[in-house]
Amino acid sequence: MAARIEVAGLTKTYGDLAAVDDLTFTVETGEFFGLLGPNGAGKTTALEMIEGLRKPDAGTVAIDGHDPWKRDPALQRRLGVQLQSSAFFERLSAREQLSTFAALYGAPAERVDQLLVEVGLEDKAESPVEKLSGGQAQRLSIACALVHDPEIVFLDEPTAALDPQARRNLWDFLEGLNESGRTVILTTHYMEEAEFLCDRVAIIDHGRLLKLDSPAALVRDLDAPTRISLAPGAIEEREAAAIAGVDQVRVHPDRTEISTRRPAEVLAELARRDALAGLTASGATLEDVFLDLTGREYRS
Ligand SMILES: Nc1ncnc2c1ncn2[C@@H]1O[C@H](COP(=O)(O)OP(=O)(O)OP(=O)(O)O)[C@@H](O)[C@H]1O
């Protein structure tokens, strides 16, 4: 079934503050879509209006033409909203927590065990929710959002406060959710998370849409230099600076770093001079895109 989300002129103000300021974009069926921005950018407020949990001051949201604020039960059944893990019912085990949600949604009881396996919590089924680790609690909260098998899944900072290992594990799970055909909309302030997971990313700050595209296109459009790093002494600074296409050379105690917008040419020349010791090369990332858009340090 199609699940196209059209957001037009979406606005929410609190006093003088425009938390969400005239946001317009479309999320296509089956897309993994990211709302990316620093703390306070307006991601949660925007997401809650798209979910139908918060009323816009202006603008519209249409999910296959339906306004989510109208709480149409037929539409709501198609939406899965991840609650913060702090919203768990107290003192229930993971299974009981999930069973409660299954009962609320009228989902079949066998769905609970199936989901516990899917999110890798079968060993923790009897653990009280207070005893789960951060990553386990996040996975349980996502499982609760999936109990009625929704087509569209909304996740608000699903990997916040997780260690890098737990975050990567959760990325694999979220990727699987999308590959199984669901449309996924996630908010994050982790650049590398958006880069890894999202088909397209809306970069938001101060409630406004700064840019929207695939992470690769955003990075490509930046036309940022490639950074070539070599072992110290692999090439003399002056010699490197004289190579055609080299923009800048920086000598650090542990490496010599060359910036260039013509990496193929420069690498070929370095190879000709047998000066490739310790070579690594890196291009721009979404973080560079963000810095370029806002002209200031990323606040994570
Ligand atoms: N109910 C409210 N009343 C007043 N101001 C609010 C309210 N909700 C949000 N705000 C303000 O609106 C702005 C956007 O908040 P929002 O939570 O949407 O940002 P966010 O991008 O989700 O940030 P975070 O990453 O910290 O969750 C912030 O300045 C916040 O303080």
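By the naming in an unreviewed UniProt entry, the protein chain goes by ABC transporter ATP-binding protein and is assigned to Aeromicrobium duanguangcaii. According to its UniProt record, the protein chain has this under Subcellular location (unreviewed entry): "Cell membrane". Under the UniProt heading Sequence similarities (unreviewed entry), the entry covering the protein chain gives this text: "Belongs to the ABC transporter superfamily."

J.: Residue-level account of the site of the ligand, with values.
T.: Surveying the vicinity of the ligand reveals the residues Tyr 14, Leu 17, Ala 19, Gly 37, Asn 39, Gly 40, Ala 41, Gly 42, Lys 43, Thr 44, Thr 45 and His 189. Taken together, the elements giving at least two residues each to the shell around the ligand come down to strand 2 (17-27) and helix 1 (43-51). A total of three residues in the shell around the ligand trace back to one element, the largest contributor, which is helix 1. Its residues assigned to classes, the shell around the ligand comprises four nonpolar, seven polar and one charged.

J.: Would you mind going over the sheet that holds strand 13 (residues 280-282) in detail, with residue names and values included?
T.: Read across the sheet, four strands follow the order 11-12-10-13 without closing on themselves; strand pairing throughout is antiparallel. Of all the strands in the sheet, the pair left with one neighbour each is strand 11 (246-252) and strand 13. Direction aside, the axes of adjacent strands within the sheet are offset by 20° on average. Taken together, the six bridges between strand 11 and strand 12 (residues 255-260) define a ladder with antiparallel strand orientation. The residue bridging Val 251 from the neighbouring strand is Thr 256, located in strand 12.

J.: I'd like to hear about the environment of Arg 78, residue by residue, with values.
T.: With respect to the helices and strands, Arg 78 occurs in the loop between helix 2 (73-76) and strand 5 (79-81). Judged by the 18 C-beta atoms lying within 10 Å of it, Arg 78 falls in the partly exposed class. C-alpha of Arg 78 to C-alpha of Asp 21: the two residues are 57 residues apart in sequence and 27 Å apart in space.

J.: Which residues make up the domain arrangement of the protein chain, and what are the values?
T.: Here the protein chain is described as being made up of domain 1 (5-215) and domain 2 (225-283). Taking only C-alpha atoms, the centre of domain 1 and the centre of domain 2 are 43 Å apart.

J.: Before we move on, can you summarise the packing of helix 8 (residues 215-222) against helix 11 (residues 286-294) with the specific residues and values?
T.: Put simply, helix 8 and helix 11 touch, their axes get as near as 9 Å, and they point 60° apart. Of the possible angle classes, the one that applies to helix 8 and helix 11 is oblique. Helix 8 and helix 11 meet at a crossing whose hand is left-handed. Facing helix 8, whose interface residues are Pro 215, Leu 218, Val 219 and Leu 222, helix 11 presents Leu 286, Asp 288, Val 289 and Asp 292. Of the residues assigned to the contact of helix 8 with helix 11, the class counts are six nonpolar, no polar and two charged.

J.: Give a detailed account of the nonpolar core, specifying residues and quantitative values.
T.: Grouped together as the largest cluster of nonpolar side chains are 63 residues, with contacts concentrated most on Leu 98, Leu 140 and Ala 143. For this core, the element with the most residues is helix 5 (residues 134-146), which contributes six residues.

J.: Now, about the sheet that holds strand 2: what can you tell me, with residues and values included?
T.: If you walk across this open sheet you meet the three strands as 2-1-4, and the pairing is antiparallel. Edge positions in the open sheet fall to strand 2 and strand 4 (58-63), since each of these has one partner strand only. Neighbour-to-neighbour, the strand axes of the sheet open up by a mean angle of 20°, direction not taken into account. Relative to strand 4, strand 1 (residues 5-14) is paired through five bridges, and the arrangement is antiparallel. Counterpart to Glu 6 in the pairing with strand 4 is Ala 62. Where helix 1 meets the sheet, its contacts fall on strand 1, strand 2 and strand 4, and the angle it forms with strand 1 comes to roughly 125°.

J.: I'd love a proper account of unusual backbone geometry, names of residues and values included.
T.: Positive phi, normally seen in glycine, also occurs at Asp 223, with a value near 50°. Looking at the element boundaries, Asp 223 is found in the loop between helix 8 and strand 10 (226-230). Taking the C-beta count within 10 Å as the criterion, Asp 223 has 9 such neighbours and is therefore assigned exposed. Its identity as a non-glycine residue notwithstanding, Asp 274 has a phi of 55°, on the positive side. Along the chain, Asp 274 falls in the loop between helix 10 (263-272) and strand 13.

J.: Explain the environment of Arg 250 residue by residue, including any values.
T.: Position of Arg 250 relative to the elements: it lies in strand 11. Exposure remark for Arg 250: the 13 C-beta atoms within 10 Å place this residue in the partly exposed category. Along the chain, Arg 250 and Lys 70 lie 180 residues apart, while their C-alpha atoms are 58 Å from each other.

J.: Describe the packing of helix 3 (residues 94-105) against helix 4 (residues 110-118), naming the residues involved and giving the relevant values.
T.: Remark: helix 3 packs on helix 4, axes separated minimally by 9 Å, with the N-to-C direction vectors making an angle of 130°. In terms of axis orientation, helix 3 runs oblique to helix 4. Like other packed secondary-structure pairs, helix 3 and helix 4 cross with a definite hand, here right-handed. Within the contact between the two elements, helix 3 uses Ala 94, Arg 95, Leu 98, Ser 99 and Ala 102 and helix 4 uses Arg 111, Val 112, Leu 115 and Leu 116. Grouping the constituent residues of the contact of helix 3 with helix 4 by class yields six nonpolar, one polar and two charged.

About the thresholds
Residues numbered from 1 in each chain as written. Predicted model: local features only at pLDDT ≥ 70, side-chain atom pairs only at ≥ 80, totals over all residues. UniProt positions renumbered as here; feature names shortened; annotations may be inferred. Near = placed C-beta within 6 Å. Helix = DSSP H or I, 4+ residues; strand = E, 2+ residues; numbered from the N terminus. Nonpolar A, V, L, I, M, F, W, Y, C, P; charged D, E, K, R; others polar. Pairing = 2+ DSSP bridges. Axes fitted to C-alpha atoms, helices over the stretch in contact; angles between N-to-C directions. Buried ≥ 20, exposed ≤ 12 C-beta atoms within 10 Å, placed from the backbone. Domains from an automatic or database assignment. Parallel < 35°, antiparallel > 145°, perpendicular 65-115°, else oblique. Left-handed = near helix turned anticlockwise from the far one by under 90°. Contact = placed C-beta atoms within 7 Å. Core = buried A, V, L, I, M, F, W, Y, C linked by C-beta atoms within 7 Å.

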